[in-house]
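The chain contents come next:
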Amino acid sequence: MRTEDTRRWFALGALALAMLTIGLDVTVLTVAIPTLAVDLDANTAALQWFSSAYTLALAALMLPAGALGDRYGRKKVLLAALVLFGLASLACAFAGSAGQLIVARVVLGIAAAAMMPLSMAVLPVLFTDPAQRQRAVTIWVTSVAIGLPLGPIVGGWLLQHYWWGSVFLINVPLVIVGALAVATLVPETHGDKSLRLDIAGALLSAAGMLGLTYGFIRIGDNGWDDIAAWLIVAAGAVLLVVFGWWQRRTTHPLVDLALFATPGFRWGTALSILVSFAMFGMFFTVPQYFQAVLGVDALGSGLRLLPMIGGLVIGSRLVDMLLPKLGLRVVLTAGFLVLAAGIGLGALTRVDSGYGLTALWTTVLGAGMGLVMPAAMGMALGELNTDRSGSGSALLQALRQAGGTIGVAVLGTVLATAYRAELGALNHPPISDGVNAGAASTAGDPAALAQVRSAFVVGMDTMLGVCALLCAVAAVAVAVFVRGQWSSNAGPVAAESVHVG
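Just so it is clear, the structure is predicted and the values come from calculations on it, not from any experiment. (Residues numbered from 1 in each chain as written. Predicted model: local features only at pLDDT ≥ 70, side-chain atom pairs only at ≥ 80, totals over all residues. Heavy atoms only, no water.)

Novice: Would you mind going over the overall build of the protein chain in detail, with residue names and values included?
Specialist: Of regular secondary structure, the protein chain possesses 17 helices and 2 strands. Its C-alpha atoms give the protein chain a radius of gyration of 22 Å, within 12% of the compact-globule value 23 Å for 501 residues. Summarising its shape, the C-alpha atoms of the protein chain cover approximately 65 × 50 × 45 Å along the three principal directions. Looking at the 501 residues of the protein chain, the share that counts as buried comes to 56%. Working note: accessible area of the protein chain is about 19,100 Å², and carbon and sulfur atoms make up 67% of it. Across the protein chain, 26 positive and 24 negative side-chain charges occur, with their mean positions spaced 9 Å apart. (Helix = DSSP H or I, 4+ residues; strand = E, 2+ residues; numbered from the N terminus. Rg over C-alpha atoms; globule rule 2.2 N^0.38 Å. Buried < 20%, exposed > 50% of the residue type's maximum accessible area, 1.4 Å probe, protein only. Areas by Shrake-Rupley, 256 points an atom, 1.4 Å probe, with all protein chains shown as cover. Lys, Arg positive; Asp, Glu negative; His and termini not counted. Charge placed at Lys NZ, Arg CZ, Asp CG, Glu CD.)

In structure tokens form, the structure reads like this:
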């Protein structure tokens, strides 16, 4: 038994390593953009597609990938995805043109779309003990979250010493280790092999998620008055409604929509989306504050996010100890209150606040994330049976991804609106396009530069205030509606022990 336990934890380590590469890949590209613009002769549109191509592929294919794992074997599909991720990373590293890099980023997103849900789907199989399973979920979630701030740090260091392709090449050894460990340590699991793959559902879900995600990416780039973006969002939403109708009609649905009838999955998913909303908003604005207001480079910006990692580690250590003693409702309520307090402190930032305040509130924010994310995702995961754990995990991850994308668009618009309102006579292109363009345009005029920085800080504070309010509302909702007890037999979030009202 001790040997089996050791194998389980080594297998989890392999999965966590694979998830770390995904977290890194989301943000590592940000530091390489200026170099890519020169070396690959990439225009602004190409630079945007370097990021969007990955995000769109990830969002569009997560649901079909989860269903493929259930049907043909989660380990098999996960291994194929890891190999594909490594090969796509090599293709990114040695791309000779902007078009080649965009295509390679699409393939990278396809691989990640399978890696994320299927690595989570094997956790209930590896860890049947409730306490061990919750600890495994915490480690899995933390590995993804830590990869996000590490991306600019690792990428900045690599760019200082090597060529731009090294920011992608770093994935290869991590993927090799992860694939070998998965191949030797993770058991094969699958759902009902007799179930046919829902091709129509896969196409509808992919097209719907693609439209919804791309539409909000365009809104984030061009503003809320982009009619074409809204038409794309509307088309995506209609396709997703048709997808929902089809899932209730077909004999072999791609996803089990009955999961939303279970309070644990419904609340766990909703709370996970809220956390993603706030987290992506923070990652969208704080690096801009570091670079445009504090005047640090991309590597320095990443290093200044290290306190958030410290808070995240503290919160993730506490959550597994507190859940059995206090229960889901208390832990989640406390976690969202910590998040609201941390982000609320951030909303007090002024131009002359310096880094000390930011270090404090990002630490508190990290602690809140460490409390909420594992507990919320553990709620949802606890409702999944072994037959549909792949598609259920994919549904959870797809909704989180969509929530993060929409969050960046909504919160980015809140920031931009407040920023432009504070610019006064400077509210014109290129200054009104954003703080980075504004700071570059006014570099020779100290008074104008000071106004640009002040306007951005007002916009950032407004955006963070919205995030803090959302977290406070979530804390109240959890305290009033969620009832969850830790059961030593049924796990942290058994259907019978989590209910509403």
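Novice: Help me get a handle on the nonpolar core, residues and values and all.
Specialist: If you look at the biggest cluster of nonpolar residues, it comprises 143 residues, and the most contacted ones within it are Phe 50, Met 115, Leu 332 and Phe 336. In terms of nonpolar packing, the next biggest core, distinct from the first, is built from 6 residues, Phe 216, Ile 219, Ala 229 and Val 233 among them. (Core = buried A, V, L, I, M, F, W, Y, C linked by side-chain atoms within 4.5 Å.)

Novice: Let's hear about helix 10 (residues 227-249): which residues, and what values?
Specialist: Spanning 23 residues, helix 10 covers 33 Å between terminal C-alpha atoms, matching the ideal 33 Å at 1.5 Å per step. By the burial criterion, the buried members of helix 10 are Ala 229, Val 233, Gly 236, Phe 243, Gly 244 and Gln 247. One side-chain oxygen of the residue at the start of helix 10 lies 3.2 Å from the amide nitrogen of Ala 228, identifying that residue as Asp 226. (Expected span 1.5 Å × (residues − 1). Polar contact = N/O pair within 3.5 Å; in protein donor to acceptor, adjacent residues only side chain to side chain.)

Novice: Help me get a handle on the environment of Glu 188, residues and values and all.
Specialist: Mapping Glu 188 onto the fold places it in the loop between helix 8 (171-185) and helix 9 (199-222). By relative accessible area, Glu 188 is classed as partly exposed at 34%. Spatially, the C-alpha atom of Glu 188 lies 42 Å from that of Thr 35, the residues being 153 residues apart in sequence. For Glu 188, the contacting residues outside a window of four places in its chain are Gly 73, Arg 74, Lys 75 and Lys 76. Of note is the side chain of Glu 188, whose polar atom sits 3.1 Å from the backbone nitrogen of Arg 74. (Contact = heavy atoms within 4.5 Å.)

Novice: Talk me through helix 6 (residues 130-161); I want residue IDs and the actual numbers.
Specialist: Between the first and last C-alpha of helix 6 there are 45 Å, a value that for 32 residues agrees with the 46 Å anticipated at 1.5 Å per step. A bend of about 45° at Leu 150 is the largest found in helix 6, and the proline Pro 152 appears one to four places after it. (Bend = angle between axes of the 7 residues up to and from the residue.)

Novice: Let's hear about the packing of helix 11 (residues 263-293) against helix 15 (residues 389-423): which residues, and what values?
Specialist: Running from N to C, helix 11 and helix 15 cross one another at 40°; their axes reach a closest spacing of 7 Å. By the angle between their directions, the pair helix 11 and helix 15 is classed as oblique. The two elements helix 11 and helix 15 meet at a crossing, and its hand is right-handed. Its residues assigned to classes, the contact of helix 11 with helix 15 comprises 14 nonpolar, 10 polar and 1 charged. (Axes fitted to C-alpha atoms, helices over the stretch in contact; angles between N-to-C directions. Parallel < 35°, antiparallel > 145°, perpendicular 65-115°, else oblique. Left-handed = near helix turned anticlockwise from the far one by under 90°. Nonpolar A, V, L, I, M, F, W, Y, C, P; charged D, E, K, R; others polar.)

Novice: Break down a nonpolar patch on the surface for me, citing the residues and quoting the values.
Specialist: Together, Val 83, Leu 87, Leu 90, Phe 94, Trp 157, Tyr 162 and Trp 163 line one region of the surface with nonpolar side chains, adding up to about 740 Å² of accessible area. Locating Leu 90 in the fold gives a position in helix 3 (residues 74-93). (Patch = residues over 30% accessible without salt bridge, like charges linked within 9 Å, V, L, I, M, F, W, Y side chains within 5 Å. Salt bridge = Lys/Arg side-chain N within 4 Å of Asp/Glu carboxyl O.)

Novice: So what's going on with the packing of aromatic side chains? Which residues, and what values?
Specialist: Pairs of aromatic rings are described using the distance from one ring centre to the other and the angle between the two planes. Within this structure, the stated rule accounts for 10 aromatic pairs. Relative to Phe 168, the ring of Trp 164 has its centre 6.4 Å away and its plane inclined at 85°; by these criteria the two rings are edge-to-face. The class for Trp 164 is buried, based on a relative accessible area of 7%. The ring of Tyr 355 is capped by Arg 304, whose NZ or CZ atom sits 5.7 Å from the centre of that ring. (Phe/Tyr/Trp six-rings, centres within 6.5 Å; stacked < 30°, edge-to-face > 60°. Lys NZ or Arg CZ within 6 Å of the ring centre and 35° of its normal.)

Novice: Let's hear about the pattern of salt bridges: which residues, and what values?
Specialist: Scanning the entire structure with this criterion turns up 4 salt bridges. With a shortest N-O distance of 2.8 Å, Asp 320 and Arg 135 are connected by a salt bridge. Pair noted here: Asp 320 is in helix 13 (residues 306-346) and Arg 135 is in helix 6, with a separation of 185 residues, a long-range link. Looking at Asp 320, the relative accessible area reads 17%, which means it is buried. When the shortest N-O distance is used, the salt bridge between Arg 350 and Asp 461 registers 3.2 Å. With a gap of 111 residues between them, Arg 350 in the loop between helix 13 and helix 14 (355-381) and Asp 461 in helix 17 (residues 446-481) connect regions that are remote in the sequence. Residue class for Arg 350 comes out partly exposed when judged on its relative accessible area of 44%.

Novice: I'd love a proper account of the environment of Ser 119, names of residues and values included.
Specialist: Checked against the element boundaries, Ser 119 lands in helix 4 (residues 98-121). For the pair formed by Ser 119 and Ala 16, sequence separation is 103 residues and the distance between their alpha carbons is 8.5 Å. Beyond its immediate stretch of four places on either side in the chain, Ser 119 contacts Leu 15, Met 19, Leu 78 and Trp 140. Within polar-contact distance, the side chain of Ser 119 engages the backbone oxygen of Met 115 at 2.7 Å. One polar contact links the side chain of Ser 119 to the main-chain carbonyl oxygen of Met 116, over a distance of 3.1 Å.

Novice: Tell me about the side chain of Gln 288, and please be specific about residues and values.
Specialist: Among the secondary structure elements, Gln 288 is positioned in helix 11. For Gln 288, a relative accessible area of 17% puts it in the buried group. Apart from residues no more than four positions distant in its own chain, Gln 288 is found in contact with Val 293, Val 435, Asn 436 and Phe 456.

Novice: Go over the side chain of Asn 171 with me, naming the residues and quoting the values.
Specialist: Position of Asn 171 relative to the elements: it lies in helix 8. Residue classification places Asn 171 among the buried residues on the basis of a relative accessible area of 1%. Within the structure, Asn 171 has its side chain in polar contact with the side chain of Ser 89 (distance 3.1 Å). Setting aside residues up to four positions removed in sequence, Asn 171 forms contacts with Thr 21, Asp 25, Phe 85 and Ser 89.

Novice: So what's going on with the state of the cysteines? Which residues, and what values?
Specialist: Here the structure, examined in full by the defined rule, presents 0 disulfides. This cysteine, Cys 471, is not joined by any disulfide, and Cys 467 carries the nearest cysteine sulfur, 6.8 Å off. The buried category is assigned to Cys 471, whose relative accessible area is 4%. (Disulfide = S-S within 2.5 Å.)

Novice: Which residues make up the packing of helix 11 against helix 14, and what are the values?
Specialist: Orientation of helix 11 relative to helix 14, taken along the N-to-C sense of each, is 160°, at an axis distance of 9 Å. Taken together, the axis directions place helix 11 and helix 14 in an arrangement best described as roughly antiparallel. Helix 14 is crossed by helix 11, and the crossing has left-handed handedness.

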